[in-house]
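# Observations on the three-dimensional arrangement
The chain contents come next:
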Amino acid sequence: MYRTALRNVLAHKGRLLMTALAVMLGTAFVAGTMVFSDTFGKAMQDSNSKSYSDVSVQIVDRSAGSSASAREKSETSTATLTDATVQQLGALPGAASARGVVSGFTGVADRSGNLIGQAWTAKGANFAPGADGKDVRYPMAEGQGPTKAQEIALDRRTAEKGGYKVGDTVRIASNGPVAEAKLTGVFTTDDPVVNTGGTLTLFDRATAQQLLLEPGRYSSVVLAAKPGTTEAALLAEAQQKLPAGRQFDAETGQQLKDDEQKMITSSTDGMRTMLLAFAGISLFVGIFIIANTFTMLVAQRTKELALLRAIGASRKQVTLSVLIEALVIGALSAAAGLVVGIAIGAGLQSAVHSLNDGLPTGALVVKPLTVVVTLVVGVLVTVLSALLPGLRASRIAPVAAMSSGDQPTSQKSLLVRNIIGSVLTAGGGALVAYGASTGNGDGRAPVALGAGVALIGVFILLPLLSRPVIALVGPVLGKLAGTPGKLARQNAVRNPRRTAATAAALTIGLTLVTGLTVIGASVGGALDKAVTSSMKADYLISTANDMSLSPKVPAEVAKTAGVTASSPLTTVYWDLNGTNKSISGLDAASFDQLVSVKLTSGSTAGFAQGQALIDTDVAKKNNVTTGSTLTVTYPDQSTGRLTVGGVYESGGMLGPVVLANSEIVKHEPTPYISDVLVKGADGATDSLKKALKDATGANPVIEVKSKQDVRDDFSQIITIALNMMYGLLAMSVLVAVLGVVNTLAMSVFERKREIGMLRAIGLDRSGIKRMVRLESVVISVFGAGIGVLLGCYTAWGILGTLKSSMAGLTTALPYGQLLLFLVLAGLVGLVAAIWPARRASKLDILESIKTD
């Protein structure tokens, strides 16, 4: 029996090719994911391994930051890290040295005025030389470190990207107008910011404090231990000397290294989990192909298997023979998948490096676990998929050796299948509907469970659905394609289970693609409406990295020619009736010119007198309305009363509470400035946009956006996310295409006699090709159509759970895209049928008719 199984693999290698490819692609995805994540993680860990080599203990002031809001929050306590603190810590018995560190955001513009690198990876720090004039953290490759204002040093990669040399004038960007400084040195470093593709700019200490923090203040202090003093002992000493009145973070160098390694591991694990989920989808789709292939092979070898039973083979031996075939195919395909996966891992590493050449790279890491997991997954998926066909093969009676054709399916088994499928589909649909009805996160688990159950139920029902659904297109096929069209429809429903198994692979892919598309369109529409519907301003000015704008920016913008109204949009966090709330601030004089709020009660008349506007959610939770008062707790812990001047619909760019900036600055003099809203005399014009950009000193970090720019930004974010998902799902769609090719090719083999008879009675080769192609198109569009419907319903359920966190969210169906999916499914069917149709048309008439 074992020799028979191996001979069957060789005898049917052509028919098993698509199955092998499906397993290979799925396992290659798994192997590629593991190789890439292991390689990337190892490169990051190696790159950052020296980051804290000179640190025994580090004390960080958590409130220190470059934003005004961070500084304001610190005003409730006078304790900071100062020169005195550094001297006290440096005098500790176990400390060999103490170094004050200043850090914050600093961008560098290239010669064209564009920001080098990304805004969120641009950092500035202080150059802290020793007695020899050198800073061991930043060894100078060229020139020397900065010693006074308007001098800087750049890391080598940044200098090369900007085309700068020592002595050049460099434009540096922060949250206000651009400044210029002389480049005095170019250095090398193992700083994590630079190792991950960021930029690092060094200033002298006083300048760094002035620009990045505040004079005389450090964001952290680094201690080096004396020989014989452990890091833990030095940490205990340092904690005794920390300033009172503030919570500082103090950690040993080893703790910092461990934390960084954990962060890298966590991020790579998250990336691996996401990629493996999509690899799992591809393997799940492959299960249908494998099961379908072995089912068809068993049906085609009915006589052979019955004869084996007649000469003494037991049922167990027949089942094992089928499983051995699956084992051989799975092992060979998984081995090939491992090789392809290693190549995919290398390709992904190259792709990531090409997108950001600053990211670290290293030799490919192929762990034994990757090899074992890939081989085991490939073999298990193949063998388990062939288990049911193997059991069916064992039930073939010896008497079947004297008959021909497939063994009929009992009506009882079909009835049981349809009942189970109906129950699961209805139950899953009900769970999705229940989850959507909750309108909040509590419904996500029921929606997820319901979607999975409904999907399984639909798979079970696909054979039942195939006949009536495909019958609907019968008249159309007959009119458009004549006899080949009629034959195609009949062939598509001849074996409903086979049709269902083939269509199911496409159903999975289209369910996910459709769901993502509908969610993306709905969320994008809601965000667009929320932001732009409440924005009457022509332009919105903000930083690319979400830093607070400098107070100088609103002042300069207000003086720009062509500006009729402007206001900084500020944000503070105060307690209202005991609950911390985000409060947006706008200038009362320009409020009605810049924003629009849909009031359900009250008016904006009292806004200038210090009355607050609140949204309907806040009003409902606090049981207040126009004229009511709210108790507010300010940053200095003093309290007051806010009168509600009006209630507006939730959502939009303003947040839950709006107050005049004149009231906010009474209690928080330097609030966080997220944006500046601008109204132009002639609306949004190119000349005004340029003038506003010039008012910021042409700072590449500060963006000037029109309403359309804001819309485009949201649209771009969603499009990029969707394209990533589409790309990851492409493998499962490719596997589904292989399933269609496989089913049609094996179907052509089964119907050789029938095709020969059709040729004999006058159907030409082009008619045969047309018949096979139309059959493929019908099956593909059927599977895609079911997937589109299921994806829309699932997306509706998911969106229902997001309504509480996103005002104005409704389900938006992008009909054009959904129709495009169906058209593409039809094209996939045509492409998949090229080889089977060509093979069918070339069959010899006489050879086909005499086929037994």
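See above for the structure.
Residues numbered from 1 in each chain as written. Predicted model: local features only at pLDDT ≥ 70, side-chain atom pairs only at ≥ 80, totals over all residues. Heavy atoms only, no water.

### Considerations on unusual backbone geometry
Spelled out, the test is: Note on conventions: DSSP H or I runs of at least 4 residues are helices, E runs of at least 2 residues are strands, and numbering of each starts at the N terminus.
The backbone of Gln150 sits at a positive phi, close to 65 degrees, despite the residue not being glycine. Phi is positive for Asn623, which is not a glycine, with a value near 55 degrees. Structurally, the position occupied by Asn623 is in the loop between helix H19 (616–622) and strand E18 (629–633).

### Observations regarding the environment of Leu830
Our working rule: Using a 1.4 Å probe on the protein chains alone, a residue whose accessible area is under 20% of its type maximum counts as buried, one over 50% counts as exposed, and one in between counts as partly exposed. Contacts: residue pairs with any heavy atoms within 4.5 Å of one another.
By the element assignment, Leu830 lies in helix H25 (residues 815–832). Its relative accessible area of 38% is what places Leu830 among the partly exposed residues. When residues no more than four places from it in sequence are discounted, the contact partners of Leu830 are Arg773, Ser776 and Val777.

### Things to note about the packing of helix H14 (residues 444–472) against helix H16 (residues 496–532)
As a reminder of what qualifies: Lines fitted to the C-alpha atoms define the axes, with helices restricted to the stretch that makes contact. Angles between their N-to-C directions range from 0 to 180 degrees. Orientation is classified from the angle alone, with under 35 degrees giving roughly parallel, over 145 giving roughly antiparallel, 65 to 115 giving roughly perpendicular, and any other angle giving oblique. Two helices crossing with the near one rotated counterclockwise from the far one by less than a right angle form a left-handed crossing, whereas a clockwise rotation gives a right-handed crossing. For this classification, Asp, Glu, Lys and Arg are treated as charged, while Ala, Val, Leu, Ile, Met, Phe, Trp, Tyr, Cys and Pro are nonpolar and the rest, including Gly, are polar.
Put simply, H14 and H16 touch, their axes get as near as 9 Å, and they point 120 degrees apart. The orientation of H14 relative to H16 falls into the category oblique. Where H14 crosses over H16, the handedness of that crossing is right-handed. Residues Leu455, Phe459, Leu462, Pro463, Ser466, Arg467 and Ile470 of H14 lie in contact with H16, whose contacting residues are Pro496, Arg497, Thr499, Ala500, Ala504, Thr507, Ile508 and Thr511. Split by residue class, the contact of H14 with H16 holds nine nonpolar, four polar and two charged.

### A short note on the packing of helix H23 (residues 752–760) against helix H24 (residues 765–802)
Each packed pair of helices is defined by two parameters, the angle between the axes and the distance between the axes. At a minimum axis distance of 10 Å, the contact between H23 and H24 shows a crossing angle of 140 degrees. The pairing of H23 with H24 is recorded here as oblique in orientation. Two packed elements cross with a definite hand, and for H23 against H24 that hand is right-handed. For the pair formed by H23 and H24, the contact residues are Ile755, Leu758 and Arg759 on the first element and Arg765, Ile768 and Met771 on the second. Grouping the amino acids of the contact of H23 with H24 by side-chain chemistry returns four nonpolar, no polar and two charged.

### Focus: the sheet that holds strand E11 (residues 220–225)
The strands making up a sheet are joined through hydrogen bonds of the backbone, oriented either antiparallel or parallel. For clarity, the cut-off: For two strands to be treated as a pair, DSSP must find no fewer than two bridges joining them.
Taken in spatial order, the four strands line up as E2-E11-E1-E12 in an open sheet, and their pairing is antiparallel. Looking at which strands have only one partner, the edges of the open sheet turn out to be strand E2 (95–101) and strand E12 (248–252). Strand-to-strand twist in this sheet, taken as the mean axis angle between neighbours without regard to direction, amounts to 15 degrees. Inspection of the sheet shows strand E1 (residues 57–61) paired to E12 by five bridges, in the antiparallel sense. Within the sheet, the bridge partner assigned to Val57 lies in E12 and is Thr252.

In short, the description is geometric, and any link to function would need to be established separately.
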